[in-house]
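Here is how the chains run, residue by residue.
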Amino acid sequence: MMNFLLRVVLFLIGLVFAASLAVAVLLLAMVWGLRYGWARLTGQPVRPWVMRFDPRHGFDRFRAAARPVEPTAADMAAAKARGEAADSPVRLRDRSPGVTDVEARPAPRGE
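S.K.: Give a detailed account of the overall build of the protein chain, specifying residues and quantitative values.
M.R.: Check the secondary structure of the protein chain and you find three helices and zero strands. Sequence-ordered secondary structure for the protein chain, helices as α and strands as β, is α-α-α. Within the span of the protein chain, comprising 111 residues, buried residues form 4% of the whole. As displayed, the protein chain has an accessible area near 11100 Å², and 66% of this comes from carbon and sulfur atoms.

The structure is reproduced here in structure tokens:
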């Protein structure tokens, strides 16, 4: 009995899915028909719905990601204002206060 109920429930779920898919297709067909009718009514050419795709754009996207990005003038000005190197964000100025555990002594003079 339980096996039969499971089959009925799965069949009903399949019917709901098929009905929703049919409604979506009918709505799309209705929109396309209205668009076609409006174009014919106004005398405009009927243009198909086309998704333009150029395979080169995918390769260009990944090729551009591999190139290092040059800093802009604003990046260079901001880096100089922070005291960092403008050409590389890795080289930073020395922000440590210096060595504090030794005393400074005068430099030896040449005798």
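S.K.: Report on the environment of Arg-35, specifying residues and quantitative values.
M.R.: Residue placement: Arg-35 occurs in helix α1 (residues 2-42). Along the chain, Arg-35 and Arg-47 lie 12 residues apart, while their C-alpha atoms are 9.5 Å from each other. One polar contact links the side chain of Arg-35 to the main-chain carbonyl oxygen of Arg-47, over a distance of 2.8 Å.

S.K.: Give a detailed account of the packing of aromatic side chains, specifying residues and quantitative values.
M.R.: Geometrically, a pair of aromatic rings is defined through the distance of the ring centres and the angle of the planes. What the rule picks out here adds up to one aromatic pair. Ring geometry for Trp-32 and Tyr-36: centres 5.7 Å apart, planes at 15 degrees, overall stacked. Highlighted residues: Trp-32 and Tyr-36, both in helix α1, separated by four residues, approximately one helical turn. Residue classification places Trp-32 among the partly exposed residues on the basis of a relative accessible area of 43%.

Procedures and definitions
Residues numbered from 1 in each chain as written. Predicted model: local features only at pLDDT ≥ 70, side-chain atom pairs only at ≥ 80, totals over all residues. Heavy atoms only, no water. Helix = DSSP H or I, 4+ residues; strand = E, 2+ residues; numbered from the N terminus. Buried < 20%, exposed > 50% of the residue type's maximum accessible area, 1.4 Å probe, protein only. Areas by Shrake-Rupley, 256 points an atom, 1.4 Å probe, with all protein chains shown as cover. Polar contact = N/O pair within 3.5 Å; in protein donor to acceptor, adjacent residues only side chain to side chain. Phe/Tyr/Trp six-rings, centres within 6.5 Å; stacked < 30°, edge-to-face > 60°.

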